[in-house]
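So you can see what is in the structure, the chains are spelled out below.
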Amino acid sequence: LLFLDAPYTGTVELCPKTIAFLKKEKVQALALYASIQFCNNLDKVKRQLQELNIEIISSQPDRTHVQHQLLGCDNYHDSLRLSTEQKSRIEYYLYVGDGKFHPLALVYGQKDEQEITPIICNDPIAKSFQLLDHTYVRKILRKYRASLMKFLNAKSVGILVTIKPGQEQFRPSLQLEKKFPDKKFHYFIDNVVSFDQLENFTFVEVWVNTA
């Protein structure tokens, strides 16, 4: 198997609404991330931020191979590999890309609900702006914690595993049995997971999706 990046060939830039918001909020520093198809073409975005006198903070998160790259599936605390000093200066996260899957990594990377950093989503294809504000981030984190509590209280757990290359996490999922010996784990392995079919397994109290 050979995995190749598929870079976007269009113009990657901040849309007028994003620029207007940054000016209105008088942002001084933000952390810049993008999905892989836009990472190779962030020069104009960086110039726009520099013209606004905004400091650009970033990192190379886990399992990525270039600076600024963001993986939606690596959505856990500290996956961004930002230092405490860097985090203290970040006023907003800026995500360049489409969809909401990848920005969730920026939501779940925040552990302390009292120090939430909002996320600006700039879609270079639709040329649109969206703000994932404190309320949105806090809602997602609370939903995550509720799911975590459900897992901790469950006795019968279903583990979803895909056989897709690059996403298969069967061996890491086995570590859950060692960490929670009081639970019964059931493994469901498939190429494509159909959530409609999960209702057939009524003995499973909670599902863990490793795909």
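Residues numbered from 1 in each chain as written. Predicted model: local features only at pLDDT ≥ 70, side-chain atom pairs only at ≥ 80, totals over all residues. Heavy atoms only, no water.

So, on to the confidence of the model for the chain. Summing up the model confidence of the chain, the mean pLDDT is 91 and the portion of residues at 70 or higher is 97%. When pLDDT is averaged over each element of the chain, helix α1 (residues 16-25) comes out on top at 98 and helix α5 (residues 103-108) at the bottom at 85. (pLDDT = per-residue confidence, 0-100. Helix = DSSP H or I, 4+ residues; strand = E, 2+ residues; numbered from the N terminus.)

It is worth spelling out the sheet that holds strand β7 (residues 184-190) at this point. Read from one edge to the other, the open sheet built from three strands follows the order β7-β6-β8, with strand pairing classed as parallel. Looking along the sheet, the strands with just one partner apiece sit at the ends: β7 and β8 (206-209). Along the sheet, successive strands turn relative to each other by an average axial angle of 25 degrees, direction set aside. Here seven bridges tie strand β6 (residues 156-162) to β7, and the two strands are oriented parallel to one another. (Pairing = 2+ DSSP bridges. Axes fitted to C-alpha atoms, helices over the stretch in contact; angles between N-to-C directions.)

The element β6 is extensively covered by neighbouring structure, given that seven of its seven residues are classed as buried. Of the two faces of β6, both are covered, the one formed by Ser156, Gly158, Leu160 and Thr162 as well as the one formed by Val157, Ile159 and Val161. Here β6 pairs with β8 via four bridges, running parallel. Counterpart to leucine 160 in the pairing with β8 is asparagine 209. (Buried < 20%, exposed > 50% of the residue type's maximum accessible area, 1.4 Å probe, protein only.)

This next bit is on helix α6 (residues 134-153). Its 20 residues give α6 an end-to-end C-alpha distance of 29 Å, which sits within 8% of 28 Å, the value for a rise of 1.5 Å per residue. Those residues of α6 lying buried are Val137, Ile140, Leu141 and Phe151. Summarising the axial view, the buried residues of α6 lie within an arc of 95 degrees, below the 170-degree limit, and thus occupy one face. Exposed positions of α6 whose direction lies more than 90 degrees from the buried face are Thr135, Lys139, Lys143, Lys150 and Asn153. (Expected span 1.5 Å × (residues − 1). Arc of directions from axis to C-beta.)

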